[in-house]
Structure formats: C-alpha cells, structure tokens
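Fold and geometry: a report
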Amino acid sequence: MNTTFDYIIIGAGTAGCLLANRLSAEVGKRVLLIEAGRKDDYHWIHIPVGYLYCIGNPRTDWRFNTEPETGLNGRALRYPRGKTLGGSSSINGMIYMRGQSHDYDQWAQLSGDDAWTWQNCLKDFMAHENHYKLDSGSRPFDGGQSPKNFEELKKFHGHDGEWRVDKQRLRWDVLDAFAQAAQQAGIAATDDFNQGNNEGVGYFEVNQKNGWRWSTARAFLRPTCLERPNFEMWTSAQVVRLLLETQPDASQRCTGVQVWVNGEMVKTTATTEVILSAGSIGSPQILQLSGIGPAALLQQHGIEVLHDAPGVGANLQDHLQIRAVFKVQGVKTLNTMANSLWGKAMIGLEYAFKRSGPMSMAPSQLGAFTRSDAAQPYPNIEYHVQPLSLEAFGEPLHSFNAFTASVCNLQPGSRGTVSIKSRQFDAAPAIAPNYLSTDADRKVAADSLRLTRSIVAQPAMAKYQPQEWKPGVQYQTDQELAKLAGDIATTIFHPVGTTKMGRADDPFAVVDSRLRVRGPGGLIGGLRVVDAGIMPLITSGNTNSPTLMIAEKAAQWIVADAARRGSGEN
C-alpha cells in the first residue's frame, strides 16, 4: 500500500469528488481520496426515489441525531449525512439551486476577498455545469428557443461540464394548482431560479440524467478519475486524526493523516496539501480530534491543544422546514397512487420503461421563494411542495389524498454547534443546531405558516377543496404558531458554517478567504477545508450546488499555490 501522495483529500462527498477530478488532472501529481463509507454500488442510490431507502440506512447514511432541541420543544431530529461515494449528493433531494447573488456578496464582505462576489462565483458554477436547456435540439440553430433567450441562458449556465442539470420528468395537477395559487397570492412565476434572484414559483431543476440520480461520484469520479494512474481511492477508510508537525519557524504544518482502514491503523503522508472535505459535521470533528478547536472542549476529552480555535464547530446554520399538510378532493396524489400493489406495480413499470413517473421524483418537485412579510429586503423563505403527505419522514404515506407545503426560513439567525463527545474517532459528535432560538426566527415561522394558508385559500386551489390537516386551523397566534413549528418542524439537511471563512481579525474564522486553516500566529501549512462548513452565512436555498462551486474555486487555488511553491515563489 502506497502511503505517500502529493494531495490527500478527506471525504468523497460533494466537494471531495470534484477536487479529486481536478487535482488528479495534473499529470505526475499523486492524489489519494479517502472515504469512510462504502462504494456507491447500492441500487437505490441511483434511482431518484431511492432516497427513501438510503436515508436512515447504515449502508449509505451516518445516521446522526441532533441533541434534544429547546426550540423544538425537547425533540431530537434525525440528521442524515451521506456515507458513501458521492456523500450527501448520493442521498439528497437532487435540487439544483445556487441561492441569491447577495449571499455571495456578503461572503465577499465577511472574508475581505472579492473572489467570493456573485459575479466572481458565477463562472465557477458554470465551469462544471451541463444544463439541459443548452442541449442540441434546444439551441436556436436546431429549431429550439430564440437566439435572444439562448444568449441570455449562456450568461448564467454552462453546458460543457460534468454536473448534469435536468428537467423533472413528471408533473402533478395539484402542484400546478398550487403554483397558480401562489401567483394569485402575488408570487410571480419563474422558469429559472439560478440567475441570482430566485424569487418566484416554478418546478425545481434536478441533478439527474436520463431519469437516474446524478451524484458527484458519477459525475466526477467515473470514469475519469478511476482511469488515471496517479489517482488512488480508499473506501471504508475513516480518518482518525490529522498529523501536524512544528516547523523550524515554530509554525504548524499538516504532513498527512492517520487512517483506520482494513482493520489497521495507517499513516499517510501528503507532500503538498491535505484537503479536509468531510462536510459540516465531519470536518470540525476531525479538526477537534486533531487538537484544533475550542481549548476547553479538547481538554475535557484529554486531547492536546495545538491551536485554540473557538470557531471550529461553532456557527452551525441549517434550514428548518415547517411541514403543512392539506387534504384534497378530486385530484390524484402519490398517497393513493401508491397505496396498492397494483398502483406500485404501475409506478415501477413506468420507471422501468420510460424512466419517468413517481420513481423519478425528487423529494420536492415544486418550489417557491418569497418574503414572509413586505419588510423583508430579499426573499427570505423557500417552499418545497410535494404531492404526498406522511406523519414523519420514514413513515407510511397517508391513506387520503393530500399535498405537503414545507416552508423554511432561508436566513435563520439561530446558531448551533458540532462538538466531539469522545476522543474516539468513530464516536458520533454532539450536533446542536439550536433551532428557533431567536425571536426573529420564531416570527418568520409564524408568518410563513400564515402565508401558506393564504396561498392555499386562493381561487386556483378551490376546486380541490383543501382542508388543513397539519398543523390545524385552531392555531392562530404568533405564540401558538411558533410553538407549533417546534412540534412539527424538521431539518432539510443543509448544515453549513462550522469551519467558516473570515478575516484575520475574526476570532471565529477557522479558514481564510482561500480556505487555508488558521493556526497560532498565522496559517497551518498544507491544510485547507473545502466543503459547506466554510460558508460564513447559509445560502438562500439548497446547499449542494454552492458546495460544488466552492470546490471548483478551491481546486484552482490549490493548483496555483502548488505551482508557485514549485517555482520557488513565496
């Protein structure tokens, strides 16, 4: 087993797969990709509706849980994170969503680096994108859209990359009616959520290809990386800790990692860089286990403090969705389509022969971005609307026709933590999102539930006679609705921020604007974090695509820095 590489990437998830692709493109640079999970050869990973069988499954999910949450009235939540090649892109909702331009402009301000403005991030989104609207047959010279529309699309979307963005392969009458009702309530229709302003209502675009899930493992690892002689991948291999050495100038340098693989402890060496891409839960956990984190926490668990970094594991942000369920009449929903063996057989046959129908579904098909009240400067809430309902994720569908309108606060003020509970590398950390811990978050929760009711009360929905099943019309006041949100809300699985980037004068900034880890008196050499944890603020939407953009940008910096060192530049 070779144990010396130029680059070691920890985590074959969303960021790690793209980094492996980009860094191994350098001929002569040896790259090791380490993944704690198994290979992605489980068939349910690749069938879109298979997320139902992947979340909560030890084959594909870390199966974390939050700590009991005061804001959720003492409830603890399941906290899925992908544990397989592709990471969470192999079990997530497949929604392609960049967020809003002001998200990235705020990152630039907080980091002091204009590289993070929307305009400077847009090219990194487009670099790996393969958007269906730019396919042959959609282009003006192929009899598709008008030249004007085509040129406008090319300003915001790419077609030469690996990351497929596709149109959903089904529609639902009840969702079409909700979209019309949203427009009647003042939310304009949109056919593109990804041009910097996602305000509007429309069907989500998805990361699928020909009706199959398109994970980052399929996009970036195979066949490209796996055919390169300078690329090596270890699966079922868990990083125990980073290896750090004190340099002659008293600075710290990361020289490799200790890995538990094939029943033994192995030390590997990185001659250029170690890139930590284990995600917003895994990356702070590994840093803390390695002696980089809040001193009191490390001392509590008998870990030598190499760098007292209070921001490691702090600043946890997540999107909390409040699921409102409405019974409907005279329209089909998945509840009754899938409640018999015959119905399930028809669904299976449609997918087998057409790669369409409910088995091609993302968990949410229709989306809407709007403002919880007129005073909001930007759209601050997002709807995920589904033609189905259930009591809780993982439980059976209801026996009656219904749809679910889940709504989340896009920019929550609540902040949580990720903290090791043991010095054992295989012990789950304590995850405490601290949901609904601010007055503003509770107010947005109450206002968003009222807006949901307003949309459903519009004329477009009347023919289906919607009746509120959950939470229930008896809840009306701010206090009642906020408490109710605590009873029924769940995570949408968007944890970010636990290794945030920031300026040198920010004591909670874990990495600098180029994602290099800060240490005592400067930077820790040879170590970066490249995943959703570096976001100083959560994006206004789903977080998978922004994480890919981060990796695209970081790969360029890593290669450029290595070239400078190789030429003798500082």
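Residues numbered from 1 in each chain as written. Predicted model: local features only at pLDDT ≥ 70, side-chain atom pairs only at ≥ 80, totals over all residues. Heavy atoms only, no water.

The subject of this paragraph is helix 9 (residues 279-289). Counting buried residues in helix 9 gives 11 out of 11 residues, a clear majority hidden from the surface. Looking at the residues trailing helix 9, positive phi occurs at Gly 291, about 95°. (Buried < 20%, exposed > 50% of the residue type's maximum accessible area, 1.4 Å probe, protein only. Helix = DSSP H or I, 4+ residues; strand = E, 2+ residues; numbered from the N terminus.)

Turning our eyes to something else, we now look at the pattern of salt bridges. Going through the model one piece at a time under the given rule, you end up with 29 salt bridges. Ionic pairing is found between Glu 552 and Arg 22, a salt bridge with its closest N-O pair at 2.8 Å. Note that Glu 552 is positioned in helix 16 (residues 544-566) and Arg 22 in helix 1 (residues 14-24), a separation of 530 residues in sequence. Overall, the relative accessible area of 6% leaves Glu 552 in the buried class. Among the residues examined, Arg 22 registers a relative accessible area of 19% and is labelled buried. The partner of Glu 129 in a salt bridge is Arg 98, and the shortest N-O contact between them spans 2.9 Å. Residue Glu 129 is located in strand 5 (residues 129-131), and its partner Arg 98 is located in the loop between strand 4 (78-79) and helix 4 (101-111); the two are separated by 31 residues in the primary sequence. Within the structure, one salt-bridge network assembled from shared partners comprises Glu 273, Arg 528, Asp 561, Arg 564 and Arg 565. (Salt bridge = Lys/Arg side-chain N within 4 Å of Asp/Glu carboxyl O.)

Another point: the pairing of strand 18 (residues 381-386). The buried fraction of strand 18 is high, at 6 of 6 residues. Because side chains alternate across strand 18, one face comprises the buried residues Ile 381, Tyr 383 and Val 385, and the other comprises Glu 382, His 384 and Gln 386, equally buried. Two strands pair when backbone bridges link them, and strand 17 (residues 366-370) and strand 18 are joined in this way by 5 bridges, in the antiparallel orientation. Residue Gly 367 lies in a different strand from strand 18, and its bridge partner there is His 384. Relative to strand 19 (residues 402-409), strand 18 runs antiparallel, the two being bridged by 6 bridges. (Pairing = 2+ DSSP bridges.)

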